[in-house]
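Inside the fold
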Amino acid sequence: MPFAKRASWLSRPNTERSLAKPQEPATPNQTTDGTSGSFWRYSARVADSCAKHIDDPVERLKFLQQVAPRLRWKSYNIPWRVAGLILLVGVSASLSAVLFLPSAKPLQPVLPSIKPIEHAAVVAQHTAPSDVWQVEKTAASEVYSNGLRIDNHYLVANHPRSYVAFPLDQAAQSEGVRRTEPAGIVFHTTESRLAPFEADQNRVLKKIDESLLEYVRRKHAYHFLIDRFGRVYRVVAETDAANHSGNSVWADDRWLYLNLNQSFFGVSIEARTQPGQVEAEMSPAQLRAAAMLTEMLRSRYHIAANNCVTHAQVSVNPSNMQIGYHRDWASSFPFEQLGLPDNYQRALPALWTSGFEYNPEFQQWAGDRIRAGIQLAEDRLTAQAAESGMSLRAYRRMLQKRYHQELEIVRRANADESEESE
Ligand SMILES: [Zn+2]
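On a predicted model such as this, the values are computed, not experimentally measured, just so you know.

About the thresholds
Residues numbered from 1 in each chain as written. Predicted model: local features only at pLDDT ≥ 70, side-chain atom pairs only at ≥ 80, totals over all residues. Pairing = 2+ DSSP bridges. Helix = DSSP H or I, 4+ residues; strand = E, 2+ residues; numbered from the N terminus. Axes fitted to C-alpha atoms, helices over the stretch in contact; angles between N-to-C directions. Contact = placed C-beta atoms within 7 Å. pLDDT = per-residue confidence, 0-100. Expected span 1.5 Å × (residues − 1). Buried ≥ 20, exposed ≤ 12 C-beta atoms within 10 Å, placed from the backbone.

**Quick notes on the sheet that holds strand β13 (residues 264-269)**
The strand order across the open sheet formed by 8 strands is β3-β4-β5-β10-β9-β13-β8-β14, and the pairing between neighbours is mixed. Two strands bound the open sheet, and with one partner strand each, they are β3 (134-137) and β14 (308-310). Within the sheet, the average angular offset between the axes of one strand and its neighbour, ignoring direction, is 25°. Here strand β8 (residues 184-189) runs beside β14; their pairing, made up of 3 bridges, is parallel. What sits directly across from Val186, in β14, is Val309.

**Here's the deal with the environment of Ala280**
Locating Ala280 in the fold gives a position in the loop between β13 and α6 (284-301). Ignoring anything within four residues of it in the chain, the contact list for Ala280 reads Ser332, Phe333 and Pro334.

**Side note on the confidence of the model for the chain**
Of the residues in the chain, 67% reach a pLDDT of 70 or more, and the chain-wide mean stands at 78. Below a pLDDT of 50 lies the segment residues 1-51, which in the model reaches 92 contacts outside its immediate sequence neighbourhood of four places, other chains included. pLDDT under 50 marks residues 116-124. Its contacts with residues more than four places away, or in other chains, come to 14 contacts.

**What about the sheet that holds strand β7 (residues 177-179)?**
Taken together, the 4 strands give an open sheet; going across it, the order is β7-β6-β12-β11, and neighbouring strands pair in antiparallel fashion. Looking along the sheet, the strands with just one partner apiece sit at the ends: β7 and β11 (249-251). When strand polarity is set aside, the average angle formed by the axes of neighbouring strands in this sheet is 35°. Of the pairings in the sheet, the one linking β11 to strand β12 (residues 255-258) comprises 3 bridges and is antiparallel in character. Across the sheet, Trp250 pairs through a bridge with Tyr257, a residue of β12. In the packing of helix α11 (residues 392-413) onto the sheet, the strands contacted are β6 (163-167) and β12, and the crossing angle to β6 comes to about 155°.

**Some details on α6**
Over its 18 residues, α6 runs 26 Å from end to end, which matches the ideal 26 Å to within 8%, given 1.5 Å per residue. For α6, every residue scored as buried is listed here: Gln286, Ala289, Ala290, Met292, Leu293, Thr294, Glu295, Met296, Leu297 and Arg298. Contacts made by the buried residues of α6 are with β4 (141-144), β8, β9 (224-226), β10 (232-234), β13 and β14. Where α6 ends, the next residue or the one after it, His302, has phi of about 55°, a positive value.

**Some thoughts on the environment of His223**
Of note, His223 is situated in the loop between α5 (202-219) and β9. Of the residues examined, His223 has 28 C-beta atoms within 10 Å and is grouped as buried. Each C-alpha atom of the pair His223 and Ala242 lies 6.2 Å from the other, and the pair is 19 residues apart in sequence. Other than its neighbours up to four places away in sequence, His223 contacts Arg234, Val235, Val236, Glu238, Ala242, Phe265, Gly266 and Val267.

In structure tokens, the structure reads:
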């Protein structure tokens, strides 16, 4: 909502910064399966017999993989010379680790993993997007095979995309994994001044556009902006991060993403979100443009439909641990008309991965559709707490603690990039 902020039409606070110090790139978890050799052995017969009771083949395989490393120590008649050699190798390896891995970090507290289960039944399954390719390119613009035209007059560079994401199935112990590919799209409204959309307002409409684009460029606020006429402007380069979703949380089936400025594209539509609004306030031209842009980005970067979401779905406030700090497209985003599943039907990850809460005022303001995602997330959180044997309150506190640990990792990783958020 940067333009509105500058023009003092803004109605909401919006300062989000990354603050902390740099860190070494994340090191992958070091694991040994120990399944070979004559020392480790487990009862295949017992494991197989337990595995037979698991119907799902993937879960069965996971079970067997989990059982294998926890092998019982078996006493064998080991020749002393062999045992001595192994002891020597072990001591050498330990010394090497101490001497040559100075950046080794203390272990995180062991917390339960979050299972990457999704409420797939309520979210329509969408196929991969159509293949979209570039047809023409000049210094000023690009044309794509689906009719998309991108204007590059306001293009600006920012720092290259590089971020840390957390694998969901081992998030408890993970230091995160460094990635550079875009994982999704966050849709915004500009919340800027809107003149009447009428022919005799052309001069005013175009003047507002110019000011808005200048502001977005100066702030590196979004990757793309779609104006009232449906014109698509590329502002921040696709290779770079943009300051569109500072404090934010999203997760897909495999990864947890915090602070989406780097991991997600920011696409903003020149529009405003009204309280309780459930119908999109978008012109037909904006709808068509947003659909074509989404299709091109998904095709080019293999972005999952489930990772195309709105700012209201991802925005959080770490200081009070509540969702809904930014509220653009809270309940009125036309997912279906952009060729996407109704992602309002997805359990909001901020609640079930990170223990965020919400207040009744936000629910009231935000409207019906996002309430579905909040309810699904609450249900999921309750089920996770029951499964872990903890009270809901204790489980939520555990998730919040873990969120702050992960946030610190992300902030250290991004410390070189002076980020500000819209
Ligand atoms: Zn926004």
